[in-house]
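# Tertiary structure, described
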Amino acid sequence: MDKKRTRYFTLGFVALLLVVVLLLAWGGLRDTADIVLPQTQDDGSGSGQSSGAESLRVVEITPDTVRPAINTLSRPAVYSRTQTVETFWSGGSGTAVSKVYVSGGRTRIDTQLPDGSVRHMLLSGGAAAVWYDEEETWTTLDAAQLSGDAAQRMLTYETVRDLPVESIDEASYQRLDGVDCIYVSTLEGKDGYADRYWVSVSTGLLHMAERTYNGAVVYRFTASPLSDDPPAEELFLLPDGYGLENREPLT
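Source: prediction; values computed, not measured.

### Notes on the overall build of the protein
Within the protein one finds five helices and 13 strands. By residue count, 42% of the 251 residues in the protein fall in the buried class. For the protein, the share of sequence-separated contacts (at least 6 apart) that also reach a separation of at least 24 residues comes to 51%.

Written out as structure tokens, the structure is:
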């Protein structure tokens, strides 16, 4: 594990530890049996420091503690990764693979389309631009209501945080693909839909999500590990070399 990923992992667990301090201040946790230790990644860097992970205790994840636990997480301001969204329907399925680049308030999403073309979307400052392949022209939209997460078709940890307690079926720590996650599943609603979320403790980002309809998976989101290198500034430029913040959205 490189230094940057180790730093994300450490910051995530330190943040979760703050939940314990806060709940203790409220008098809500008086028994150490209510505090559990999630699994930690073994990167070999802890040699000779056996007391570190063993001494760390974080709040147990239950439907009642999902909100405070999620509230301690924060996303990295700069990152890139590959994300896959699969949709399933009777007799077929579809897959969209996107390379996502984030730098502060700017997001770029390059999505491979079924016909082989690539759709580029750039979001910044309440505006969005869309173009395809190597086109030199683009469509600019007023995107005040369009977030980078929505453009990525990604459920967010804010969605998990704001779930009503009574709608949560299960909440716990889980390790998925070697990533320590806060896992939350919802009860099936009257419409037949239920959701499952895995939020990475180390990055605060959604690692995986699924939506089911009458028990069958109809949507699945998966993400690769974060890239070690920050995205190049050129990625946040329009085809003419200007940034989106220098353009006025069409009305």
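### Details of a negative patch on the surface
A cluster of like negative charges, contributed by Asp115, Asp133, Glu134 and Glu135, occupies part of the molecular surface. You can call Asp133 partly exposed: its relative accessible area is 35%.

### Thoughts on the pattern of salt bridges
Taken as a whole and assessed by the stated rule, the structure comprises nine salt bridges. Here Asp162 makes a salt bridge to Arg161, at a shortest N to O gap of 2.9 Å. A relative accessible area of 41% places Asp162 in the partly exposed class. For Arg161, a relative accessible area of 23% puts it in the partly exposed group. Salt bridges linked by common partners bring Glu86, Arg196, Glu210 and Arg220 together as one network.

### A look at the nonpolar core
Grouped together as the largest cluster of nonpolar side chains are 21 residues, with contacts concentrated most on Val66, Val160, Ile182 and Val184. Going through the elements one at a time, helix 3 (66–71), strand 9 (168–176), strand 10 (179–186), strand 11 (193–200), strand 12 (206–213) and strand 13 (216–223) are the ones with two or more residues in this core. Non-local contacts of Val66, meaning those with residues more than four positions away in its chain, are made with Ile61, Val160, Ile168, Ala171 and Val184. Of all hydrophobic cores here, the second largest spans 10 residues; its members include Val100, Ile109, Leu123 and Ala128.

### Points about the side chain of Thr212
Summarising the element assignment, Thr212 is placed in strand 12. A relative accessible area of 6% means that Thr212 is categorised as buried. Discounting chain neighbours no more than four positions away, the residues touching Thr212 are Gly192, Tyr193, Ala194, Arg196, Val217 and Val218.

### What to know about the side chain of Arg81
Position of Arg81 relative to the elements: it lies in strand 3 (residues 78–89). In this structure the side chain of Arg81 is engaged in a polar contact, spanning 2.9 Å, whose partner is the side chain of Gln83.

### Focus: the pairing of strand 10
The element strand 10 is extensively covered by neighbouring structure, given that eight of its eight residues are classed as buried. Of the two faces of strand 10, the one carrying Val179, Cys181, Tyr183 and Ser185 and the one carrying Asp180, Ile182, Val184 and Thr186 are both buried. For strand 9 and strand 10, the ladder comprises eight bridges, and the chain directions are antiparallel. When the bridges of strand 10 are listed, Tyr173 appears paired with Ile182. Counting the residues that bridge the hairpin from strand 9 to strand 10 gives two residues, and of these Asp177 lies at a positive phi of roughly 55°. Judged from the five bridges that link them, strand 10 and strand 11 form a sheet pairing that is antiparallel. Across the sheet, the residue bridging to Val184 is Tyr197, located in strand 11. Taking the residues between adjacent antiparallel strands as the criterion, strand 10 and strand 11 are bridged by six residues, where Gly192 takes a positive phi near 95°.

### Thoughts on the confidence of the model for the protein
With 68% of its residues at a pLDDT of 70 or more, the protein shows a mean pLDDT of 77. pLDDT under 50 marks residues 3–57. Its contacts with residues more than four places away, or in other chains, come to 74 contacts.

### Considering the environment of Gly126
By secondary structure assignment, the location of Gly126 is in the loop between strand 6 (118–124) and strand 7 (127–132). With 119 residues separating them in the primary sequence, Gly126 and Glu245 have C-alpha atoms 8.9 Å apart.

### A look at the packing of aromatic side chains
Each aromatic ring pair is described using two quantities: the centre-to-centre distance and the angle formed by the ring planes. The tally for this structure, following the rule as stated, stands at two aromatic pairs. Summarising the aromatic geometry, the rings of Tyr183 and Trp198 are spaced 5.0 Å apart at their centres and angled 40° between planes, so their arrangement reads as tilted. With a gap of 15 residues between them, Tyr183 in strand 10 and Trp198 in strand 11 connect regions that are remote in the sequence. On the accessibility criterion, Tyr183 (6% relative accessible area) is buried. Judged by relative accessible area, Trp198 falls into the buried class, the value being 8%. Relative to Tyr213, the ring of Tyr193 lies with its centre 4.8 Å away and its plane at 45°, an arrangement referred to as tilted. Of this pair, Tyr193 sits in strand 11 while Tyr213 sits in strand 12, and the two are 20 residues apart along the sequence. Judged by its relative accessible area of 37%, Tyr193 is partly exposed. Take Tyr213: its relative accessible area is 36%, and that puts it in the partly exposed class.

Scoring rules and cut-offs
Residues numbered from 1 in each chain as written. Predicted model: local features only at pLDDT ≥ 70, side-chain atom pairs only at ≥ 80, totals over all residues. Heavy atoms only, no water. Helix = DSSP H or I, 4+ residues; strand = E, 2+ residues; numbered from the N terminus. Buried < 20%, exposed > 50% of the residue type's maximum accessible area, 1.4 Å probe, protein only. Contact = heavy atoms within 4.5 Å. Patch = residues over 30% accessible without salt bridge, like charges linked within 9 Å, V, L, I, M, F, W, Y side chains within 5 Å. Areas by Shrake-Rupley, 256 points an atom, 1.4 Å probe, with all protein chains shown as cover. Salt bridge = Lys/Arg side-chain N within 4 Å of Asp/Glu carboxyl O. Lys, Arg positive; Asp, Glu negative; His and termini not counted. Charge placed at Lys NZ, Arg CZ, Asp CG, Glu CD. Core = buried A, V, L, I, M, F, W, Y, C linked by side-chain atoms within 4.5 Å. Polar contact = N/O pair within 3.5 Å; in protein donor to acceptor, adjacent residues only side chain to side chain. Pairing = 2+ DSSP bridges. pLDDT = per-residue confidence, 0-100. Phe/Tyr/Trp six-rings, centres within 6.5 Å; stacked < 30°, edge-to-face > 60°.

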